[in-house]
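The chain contents come next:
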Amino acid sequence: MGLQDVEFICKKATIPVDAHLMIENPGSYVEKFAKMGIKIIYIHPESDVHPTRTLQSIIDAGATPGVATIKPLLPFVKYVMVMSVNPGFAGQKYISSVDEKIKELIELKEKYGYEVMLDGACSPERVETLSKMGVKGFILGTSALFGKGKPYKELLDGLRAL
């Protein structure tokens, strides 16, 4: 999404909006996204020279920090996003080896106090299965939301019922 899309969504949303910064040096963009109204900002620690500093800058900007994994940083975050596809474009296939990572993170979430989120190939069947296991949120795209020929409200109501 472009920055204009993000800004529009933040203005219209009635629930907190989060951003997944799959970029190098995400710390350089924290303030910009927080000012637009993003409430939760996820980073990939391996793409940041100082991930702990960036997580603190997210807090300082008034947002909530999250990471797309990495165990040593779990005490610092409230959300952990698991990538279940190879990032790059819509419609990627689910990577089944991620299931073990999800199980481990769910087991650790009580100890560290975070919620587990999933990004990639979030089909209704996967949402149903993983939400029962303890995954709290799903980043939806082509597997469950876009291009389905139904109103988003109808699709979302069906997913929430799972």
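Below is a summary of the structure that appears in this document. Everything quoted here is computed from the prediction, not taken from an experiment.

## A few points about helix α3 (residues 51-60)
The α-helix advances 3.6 residues per turn, and as a result positions three or four apart in sequence lie on the same side. Considered for burial, the residues of α3 that qualify are Pro51, Thr54, Leu55 and Ile58. An end-on view of α3 places all buried positions within 100° of arc, on one side of the element. Structural note: α3 exposes Arg53 and Asp60 on the side pointing more than 90 degrees away from its buried face. Structurally, α3 contributes buried residues whose contacts are with α2 (30-36), β2 (40-43) and β3 (64-67). Among the residues trailing α3, Gly62 stands out with phi positive, at a value near 90°.

## Some thoughts on the packing of aromatic side chains
Enumeration according to the criterion identifies three aromatic pairs in this entry. Aromatic side chains Tyr42 and Tyr79 sit 6.4 Å apart centroid to centroid with 70° between the ring planes, which places their arrangement in the edge-to-face category. Separated by 37 residues along the polypeptide, Tyr42 in strand β2 and Tyr79 in strand β4 (residues 79-83) bring together distant segments of the chain. With a relative accessible area of 23%, Tyr79 lands in the partly exposed category. Their ring planes at 75° and their centres at 6.0 Å tell us that Phe146 and Tyr152 sit as a pair that is edge-to-face. Under the relative-accessibility criterion, Phe146 is labelled partly exposed at 39%. By relative accessible area, Tyr152 is classed as partly exposed at 46%.

## Some words on the pairing of strand β1 (residues 18-21)
Where β1 meets β2, four bridges bridge the pair, whose relative direction is parallel. Of the residues in β2, the one forming a bridge with Ala19 is Ile41. In the classification by handedness, the crossover that spans β1, the intervening α2 and the parallel β2 is right-handed.

## Points about unusual backbone geometry
Non-glycine residue Asn25 carries a positive phi angle of around 55°. Structurally, the position occupied by Asn25 is in the loop between β1 and α2. On the basis of relative accessible area, Asn25 is assigned to the partly exposed category, the value being 39%. Although it is not a glycine, Ala121 sits at a positive phi angle of roughly 55°.

Thresholds, definitions, all that
Residues numbered from 1 in each chain as written. Predicted model: local features only at pLDDT ≥ 70, side-chain atom pairs only at ≥ 80, totals over all residues. Heavy atoms only, no water. Buried < 20%, exposed > 50% of the residue type's maximum accessible area, 1.4 Å probe, protein only. Helix = DSSP H or I, 4+ residues; strand = E, 2+ residues; numbered from the N terminus. Arc of directions from axis to C-beta. Contact = heavy atoms within 4.5 Å. Phe/Tyr/Trp six-rings, centres within 6.5 Å; stacked < 30°, edge-to-face > 60°. Pairing = 2+ DSSP bridges. Right-handed = clockwise from strand over helix to strand, strands pointing away.

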